[in-house]
Amino acid sequence: SRQVIILDEISKLATKQEQWEPFSWYKEMRENTPVYYDAEQDVWNVFSYDHVKRVLFDHELFSNKKERSLIPVPRQMDSRSNVNLVDPPEHRKRRALLAQAFTPRSLKDWEPRIQEIVDELITDMERAPVVDIVQKLAIPLPVTVIADLLGVPSRDRNRIKAWSDILFLPYNLEAYDDIEEQKGLAMKEFAEYLYPIVLEKRKHPADDIISDLTKAELEGEQLTDEEVVMSAIGLLGAGNETTTTLISNMFYCMLFDQPGVYQELRADLTLVPKLVEEVLRFRFGATIDRKVARDTDVFGPEMKAGQVVVAWIGAANRDESHFARADAFDIHRPGNQQHLTFGAGPHFCLGAPLARLEANMALASFVKRFADIRKVDGLNLNDHLTASATGQSLKSLPVGLSL
Ligand code: HEM
């Protein structure tokens, strides 16, 4: 049997457009079948804020030691340093190791370099009246920043981006074998690319995350070169597509969900972080899966040990019982940072501060530079969407600019 769970087969959202705007389906599920069993794939699904939060927090009932998954981690990555496939207490040691490498130089130290990358990208945009914000900003910013942080040459960012996209690509039934093959190849090439970099940094450590990983210890033992390579792939992958989605969606929300909000930001830059948080709440089709660790009826129906539960984070973020007028995009909403887009509990996103920093710096600099943004006439959204781990995401978005 296949170890992959196919999300589109659960939701039955058929078209790109429906997958991009799944919110009425989310509502239907929250109201009618908040705990939904998909018999075909033997998967439970939860949609309400409280249930999703419980799945994420309660690692004793809902385990990360999963045999089946939405996006299975390639076997090579199931190493001693992988934070994804373990529960506390083991998880704490591995996470501490990554955190060690990730936080010693506080993010503050990286701000000037991130600002430099942002400024370069934004200056490039001044030359044309219409730019593709995804290709010109949302894609290059996160991959350049994470390559820099890890100590990998940022001139290789196109390759890094391509490999990590493939590794996080969701499966579908039609192209199953093809996707499997692509992932295997990407993994092999990515590892072969990183291996000599890791060897070099072990010999001559520099001020970067890969160097720190070569020195970090897990239970008194250093990581092997292979383990450092796998950790680096994890970090290079984890922060790429998600942060790109956040930055792309900020622009989509400003153009389509609340036209006019751009002028509000122009008048008051302190609103920038509020917009970023509301975009994370409002438009992020994230799903997280766990294994049911033992028989339980915490959500009502009897769930069996070994079954899978999918937490629909995007649906939880629109739950009216937690967020008043949840379907309204409102940057002034109190408590919008209670969204679950970065997860919750022991596996809470390690890169959340970095993702927030990048999005905020990019938007603040952009708002200072451009007097206004506008939609492009005759835009056909379908042409700009592509399948991704979050359902559909923007592969391009033309935006009109006024200096
Ligand atoms: C974990 C989302 C950016 C590194 C997670 C989880 C979510 C998430 C939902 C929890 C997974 C789970 O519970 O199984 C996001 C979003 C991002 C983002 C929405 C951008 C908007 C980043 C960045 C990095 C990063 C920039 C750093 C390179 C990680 C790591 C974990 C993680 C290492 C695993 C933590 C653990 O299992 O203990 N992220 N992430 N993320 N994220 Fe992010």
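In this text the structure is predicted, and so the values were computed from the model without any measurement. (Residues numbered from 1 in each chain as written. Predicted model: local features only at pLDDT ≥ 70, side-chain atom pairs only at ≥ 80, totals over all residues. Heavy atoms only, no water.)

Next up on the list: the sheet that holds strand β3 (residues 62–63). Strand order in the open sheet formed by five strands is β1-β2-β8-β7-β3, and the pairing between neighbours is mixed. Because the sheet does not close on itself, it has two edges, and the strands there are β1 (35–38) and β3. As defined by bridge partners, β3 adjoins strand β7 (residues 287–292) across two bridges and the pair is classed as antiparallel. The partner of Phe62 across the bridge, within β7, is Val292. Against the sheet, helix α4 (residues 49–57) touches β1, β2 (43–46), β3, β7 and β8 (308–312), its axis set at about 125° to β8. (Pairing = 2+ DSSP bridges. Helix = DSSP H or I, 4+ residues; strand = E, 2+ residues; numbered from the N terminus. Contact = heavy atoms within 4.5 Å. Axes fitted to C-alpha atoms, helices over the stretch in contact; angles between N-to-C directions.)

On the protein, Cys349 (SG) is the one donor atom to the iron atom of the ligand, at 2.3 Å. Among the structural elements, Cys349 can be located in the loop between α16 (313–316) and α17 (352–369). (Donors = N, O, S within 2.8 Å, 3.2 Å for Na, K, Ca; no water.)

Every one of the 23 residues lining the ligand counts as a neighbour, but His91, Arg95, Arg290, His347 and Cys349 are closest to it. Residue Arg95 places a side-chain N or O atom 2.7 Å away from an oxygen atom belonging to the ligand. Contacts to the ligand include Arg290, whose side-chain N or O atom sits 2.7 Å from an oxygen atom. Grouping the amino acids of the shell around the ligand by side-chain chemistry returns 13 nonpolar, eight polar and two charged. (Near = heavy atom within 4 Å. Polar contact = N/O pair within 3.5 Å; in protein donor to acceptor, adjacent residues only side chain to side chain. Nonpolar A, V, L, I, M, F, W, Y, C, P; charged D, E, K, R; others polar.)

Per the counting criterion, the structure on display carries 25 salt bridges. Put simply, Arg283 and Glu21 hold a salt bridge, and the shortest N to O gap is 2.7 Å. Highlighted residues: Arg283 in the loop between α15 (272–282) and β7 and Glu21 in the loop between α2 (16–20) and α3 (23–32), separated in sequence by 262 residues. For Arg283, a relative accessible area of 4% gives the class buried. A salt bridge links Glu90 to Lys93; its shortest N-O distance comes to 3.5 Å. Here Lys93 and Glu90 lie together in helix α5 (residues 90–102), a separation of three residues that amounts to about one turn. Beyond isolated ion pairs, a larger network of salt bridges with shared partners links Glu90, Lys93, Arg94 and Glu219. (Salt bridge = Lys/Arg side-chain N within 4 Å of Asp/Glu carboxyl O. Buried < 20%, exposed > 50% of the residue type's maximum accessible area, 1.4 Å probe, protein only.)

Ordered by their spatial adjacency, three strands build an open sheet running β4-β12-β9, and the pairing between neighbours is antiparallel. Looking at which strands have only one partner, the edges of the open sheet turn out to be β4 (130–132) and β9 (372–374). Across the sheet, the axes of successive neighbouring strands diverge by a mean angle of 35°, strand direction being ignored. The sheet contact formed by β9 and strand β12 (residues 398–402) spans three bridges and is antiparallel. Bridge pairing in β12 links Asp372 to Ser402.

With that settled, consider the confidence of the model for the protein. Residues of the protein with pLDDT of at least 70 account for 97%, and the chain-wide mean is 92. Overall fold confidence (pTM) sits at 0.95, and the ipTM for the predicted complex is 0.99. (pLDDT = per-residue confidence, 0-100.)

Bringing a negative patch on the surface into the picture now. Among the surface-exposed residues, Asp177, Asp178, Glu180 and Glu181 lie close enough to one another that they form a single negatively charged patch. Looking at the element boundaries, Glu181 is found in helix α10 (residues 176–203). (Patch = residues over 30% accessible without salt bridge, like charges linked within 9 Å, V, L, I, M, F, W, Y side chains within 5 Å. Areas by Shrake-Rupley, 256 points an atom, 1.4 Å probe, with all protein chains shown as cover. Lys, Arg positive; Asp, Glu negative; His and termini not counted. Charge placed at Lys NZ, Arg CZ, Asp CG, Glu CD.)

Let us now look at the side chain of Asn360. Secondary-structure assignment places Asn360 in helix α17. Classification of Asn360 as buried rests on a relative accessible area of 19%.

Another aspect to go through is α10. An ideal rise of 1.5 Å per residue puts 40 Å on 28 residues; α10 measures up with 41 Å between its terminal C-alpha atoms. At Leu194, α10 shows its largest bend, some 25°, and a proline, Pro196, comes one to four positions later. All of the buried residues in α10 are Tyr176, Ile179, Lys183, Ala186, Met187, Phe190, Ala191, Tyr193, Leu194, Ile197, Val198 and Lys201. Summarising the contacts, the buried residues of α10 are in contact with α8 (140–150), α9 (157–167), α11 (209–215) and α12 (225–238). (Expected span 1.5 Å × (residues − 1). Bend = angle between axes of the 7 residues up to and from the residue.)

Let us now look at the packing of aromatic side chains. With the rule as written, the count across this model stands at 20 aromatic pairs. A centroid spacing of 6.4 Å and a plane angle of 25° characterise the contact between Phe23 and Phe282, whose relative ring orientation is stacked. Taken together, the residues Phe23 in helix α3 and Phe282 in helix α15 connect sequence positions 259 residues apart. Taking the relative accessible area as the measure of exposure, Phe23 reaches 12% and is therefore buried. A ring pair is formed by Tyr262 and Phe366, whose centres lie 6.2 Å apart and whose planes are at 85°; its orientation type is edge-to-face. Pair noted here: Tyr262 is in helix α14 (residues 261–267) and Phe366 is in helix α17, with a separation of 104 residues, a long-range link. The class for Tyr262 is buried, based on a relative accessible area of 2%. Clustering of aromatic rings is evident, with ring pairs tying together Phe23, Trp25, Tyr26, Phe47, Phe282, Trp312 and Phe329. The side chain of Arg281 reaches across the aromatic face of Phe323, ending 5.2 Å from its centre. Seen from the ring of Phe23, Arg318 lies directly overhead, with NZ or CZ sitting 3.6 Å from the centre. (Phe/Tyr/Trp six-rings, centres within 6.5 Å; stacked < 30°, edge-to-face > 60°. Lys NZ or Arg CZ within 6 Å of the ring centre and 35° of its normal.)

Let us look at the packing of α8 against helix α13 (residues 240–257). Packed helix pairs are characterised by how far apart their axes lie and by the angle those axes make with each other. Running from amino to carboxyl end, α8 crosses α13 at an angle of 140°, the nearest separation of the two axes being 8 Å. The crossing of α8 and α13 is right-handed. Side by side, α8 and α13 meet where Leu141, Pro142, Val143 and Ile146 of the first sit next to Asn240, Thr243, Thr244 and Ile247 of the second. (Left-handed = near helix turned anticlockwise from the far one by under 90°.)

This part is about the packing of α13 against α17. Contact geometry for α13 and α17: axes closest at 10 Å, N-to-C directions at 40°. Classified by the angle their axes make, α13 and α17 are oblique. The two elements α13 and α17 cross, and the hand of that crossing is right-handed. Here α13 contributes Thr243, Leu246, Ile247, Met250, Phe251 and Met254 to the contact with α17, which in turn contributes Ala355, Glu358, Ala359, Leu363 and Phe366. (Parallel < 35°, antiparallel > 145°, perpendicular 65-115°, else oblique.)

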